[in-house]
Amino acid sequence: MKRAAPALEAALSRLAQRQLQRQRTTVEAFAAPDSRVVALAGGRELIDFSSNDYLGLARHPALAAAMSACAARAGAGSAASHLVTGHGAEHERLEEELAAFTGRERALLFSTGYMANLAVMSALAGRGERVLLDRLSHASLIDGALLSGALLRRYRHADAPAAARLLDADGARTALIATDGVFSMDGDLAPLPQLSRAACARDAWLVVDDAHGLGVVGASGRGALEHFGLGAEEVPVLIGTLGKAFGSFGAFVAGGADLIEYLIQTARTYIYTTALPQPVAAATRRALALAHTESWRRERVLSLTARFRRHAREAQVPLTGSGTPIQPVVLGSAAAALAAQRQLQEAGLWVVAIRPPSVPQGSARLRVTLSAAHTEAQVDELVAQLARACARSAQA
Ligand SMILES: *Cc1c(COP(=O)(O)O)cnc(C)c1O
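Residues numbered from 1 in each chain as written. Predicted model: local features only at pLDDT ≥ 70, side-chain atom pairs only at ≥ 80, totals over all residues. Heavy atoms only, no water.

A. Local environment of the packing of aromatic side chains. One pass over the full model with this rule turns up two aromatic pairs. Taking the centre distance of 5.9 Å and the plane angle of 85° together, the rings of F101 and F246 count as edge-to-face. Of this pair, F101 sits in helix 4 (residues 89–102) while F246 sits in the loop between strand 9 (237–241) and strand 10 (251–255), and the two are 145 residues apart along the sequence. Among the residues examined, F246 registers a relative accessible area of 1% and is labelled buried. Pairing F110 with Y270 gives two aromatic rings, centres 5.5 Å apart and planes at 65°, and the pair type is edge-to-face. One end of the pair, F110, is in strand 4 (residues 106–110); the other, Y270, is in helix 11 (residues 268–271), with 160 residues separating them in the sequence. Comparing F110 with Y270, the two get one shared label, buried. (Phe/Tyr/Trp six-rings, centres within 6.5 Å; stacked < 30°, edge-to-face > 60°. Helix = DSSP H or I, 4+ residues; strand = E, 2+ residues; numbered from the N terminus. Buried < 20%, exposed > 50% of the residue type's maximum accessible area, 1.4 Å probe, protein only.)

B. Quick peek at the environment of P279. If you trace the backbone, P279 turns up in helix 12 (residues 278–293). For the pair P279 and G77, spaced 202 residues apart in sequence, the C-alpha separation works out to 8.5 Å. What P279 contacts, discounting residues up to four positions off in sequence, is M67, C70, A71, G75 and A76. (Contact = heavy atoms within 4.5 Å.)

C. Examining the nonpolar core more closely. F49, L98, F308, V329, L366, L382 and L386 are the most contacted members of the largest nonpolar core, which has 57 residues in total. Shared between two domains, this core takes at least three residues from each, and those domains are domain 1 (23–52 + 295–395) and domain 2 (61–293). With near-sequence residues (within four places) excluded, L366 lies in contact with Q327, P328, V329, L331, A337, A340, Q341, L344, V351, V352, A353 and L386. If you look at the next biggest cluster of nonpolar residues, it comprises 31 residues, including I142, A145, L152 and L259. (Core = buried A, V, L, I, M, F, W, Y, C linked by side-chain atoms within 4.5 Å. Domains from an automatic or database assignment.)

D. Expanded view of the sheet that holds strand 1 (residues 27–30). The strand order across the open sheet built from four strands is 1-2-3-12, with neighbouring strands paired in mixed fashion. What marks the edges here is a single partner per strand, and that holds for strand 1 and strand 12 (349–350). Where strand 3 (residues 45–48) meets strand 12, two bridges bridge the pair, whose relative direction is parallel. Its bridge partner lying in strand 12, I47 is registered against L349. (Pairing = 2+ DSSP bridges.)

E. Geometry of the layout of surface pockets. Here the largest pocket defines a volume of roughly 1,400 Å³. Split by residue class, the lining of the largest pocket holds 16 nonpolar, 14 polar and twelve charged. Two domains share the lining of the largest pocket, each providing at least three of its residues, namely domain 1 (23–52 + 295–395) and domain 2 (61–293). (1 Å grid on protein atoms, 1.4 Å probe; cavity = no way out; pocket = protein on both sides within 12 Å on 5 of 7 lines; lining within 4 Å. Points joined across faces, edges and corners; volume = space filled by probe spheres on them. Nonpolar A, V, L, I, M, F, W, Y, C, P; charged D, E, K, R; others polar.)

F. Examining the site of the ligand more closely. Residues in close proximity to the ligand total 14 residues, the closest being G113, Y114, D209, H212 and K244. Residue Y114 places a main-chain N or O atom 3.0 Å away from an oxygen atom belonging to the ligand. Within the complex, the protein chains bury 82% of what would otherwise be the 380 Å² of accessible surface of the ligand. Among the residues forming the shell around the ligand, the class breakdown is two nonpolar, nine polar and three charged. (Near = heavy atom within 4 Å. Polar contact = N/O pair within 3.5 Å; in protein donor to acceptor, adjacent residues only side chain to side chain. Areas by Shrake-Rupley, 256 points an atom, 1.4 Å probe, with all protein chains shown as cover.)

G. Up close: empty space enclosed by the protein. Per the counting criterion, the structure on display carries two cavities of 30 Å³ or more. Empty space within the largest cavity amounts to approximately 50 Å³. Around the largest cavity sit H82, L109, F110, S111, T269, Y270, T273, T274, A275 and L276, which together line it. Only strand 4 and helix 11 provide two or more residues apiece to the lining of the largest cavity. Residue composition of the lining of the largest cavity, grouped by class: five nonpolar, five polar and no charged. The volume enclosed by the second largest cavity comes to roughly 30 Å³. Lining the second largest cavity, in full, are H138, D180, V182, S184, D209, A211, H212 and K244. Tallied by class, residues from the lining of the second largest cavity come to two nonpolar, three polar and three charged.

H. Quick look at the domain arrangement of the protein chain. For the protein chain, the assigned domains are domain 1 (23–52 + 295–395) and domain 2 (61–293). Taking both sides of the interface into account, the surface hidden between domain 1 and domain 2 amounts to around 1,300 Å²; carbon and sulfur atoms contribute 60%. In terms of surface lost to domain 2, no three residues of domain 1 exceed N52, R298 and I326, which account for 37% of the buried area on that side. Applying the counting criterion to the domain 1 and domain 2 interface returns one salt bridge. For the salt bridge of R365 with D186, the shortest nitrogen-to-oxygen distance reads 3.1 Å. Scanning the region where domain 1 abuts domain 2 turns up eight residue pairs in polar contact (both at pLDDT 80 or more). Of all the elements in the fold, those that place two or more residues in the side of domain 1 that touches domain 2 are helix 13 (296–314), strand 11 (326–332) and strand 14 (364–369). A per-class count over the side of domain 1 that touches domain 2 returns eight nonpolar, six polar and three charged. (Buried area = accessible area lost by both parts, 1.4 Å probe. Salt bridge = Lys/Arg side-chain N within 4 Å of Asp/Glu carboxyl O.)

I. Geometry of the sheet that holds strand 13 (residues 353–354). Strand order in the open sheet made by the three strands is 11-14-13, with antiparallel pairing throughout. On the outer flanks of this sheet lie strand 11 and strand 13, each paired with one strand and no other. Pairing geometry for strand 11 and strand 14, over six bridges, is antiparallel. Directly across from I326, in strand 14, lies its bridge partner T369. Running at roughly 20° to strand 11, helix 15 (residues 376–395) makes contact with strand 11 and strand 14 of the sheet. (Axes fitted to C-alpha atoms, helices over the stretch in contact; angles between N-to-C directions.)

J. Examining helix 4 more closely. Helix length check: helix 4 (14 residues) gives 20 Å between terminal C-alpha atoms against 20 Å at 1.5 Å per residue, within 8%. Of the residues making up helix 4, those classed as buried are E90, H91, L94, E95, L98, A99, F101 and T102. G103, located one to two residues past helix 4, shows a positive phi value of around 65°. (Expected span 1.5 Å × (residues − 1).)

Structure follows, in structure tokens:
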């Protein structure tokens, strides 16, 4: 232990020098459930513009009530993995509801999206095969590809022809193409129809991780696939997370009955881990129902997104083409992004700087996210403060 310490110290100080050291901020308290105002130690209040709580469900009293009612019945912990004694009625019902929601034969719950992606990638690809990923894929897809032992090839962001060329390249057979549906740090959509045609033509799986699309994108919130009018034929493997728009925790894989059974039998991140607590599944079921009955939430976050973009454009805040609630303001260097984060924080706004390796070198940014729980006035204040921060950043 002692012997390694100087090396760790040196590595940490290199991170600090490059402005890449990460810091946690402790939230002490929350304002009203339908607001994104948080209080830090000492009572300092900030408006949170960095969470993935797109529908404003994370602190909805109905989710907390479902959770505590279930905990009173079933307890706080699952006490075992799903294949031993940990699989409960709430898990089972949630899986049925997720299968119905996604229009697939079956769905399988995982404790996190990270684990779901490790499971899918290592189940569907292996040594001697090739896996294709978008350059901006989420880290968990990359780690899943590495874990699979397949040869990992990455294509230029959102470039379906580049993916098709790699599919055709000599050598190993391509087992699968995997992509985010909505890209987590950029908010844009993957070219799913083109990727699906390429994958189908070469008999490769197409795996879509729609962590940021489900609940938000598509006419009824069924995500990037609904947006493009794609079904289980075109995208046989769909991964979703439950800790973002659905305000709860956990993740799922939805697909054909054989795929799900194969994951249950073989996926190590499913088999060798304690089942998600049932109260969490109960809260998620409530969230799914609310996302359906309160469709105004989706309409509201999208209309706040449009308002943000309209006003930001007028104020000359640099925007990307993203039409989702993920609105990156790319500033370039890690130092510039951190300075802007600090300036916004002084003005009472919490917008976190995202730096490499979460995003490519030279594209550090403020990752703004909007939520149905924001008010118009808060969004307008954000634009005003971003305009100031960007002007200062341009001068520096
Ligand atoms: C957040 C995220 C994950 C991980 O999901 P968790 O449930 O938070 O582990 C996976 N993929 C994408 C694209 C994500 O944004």
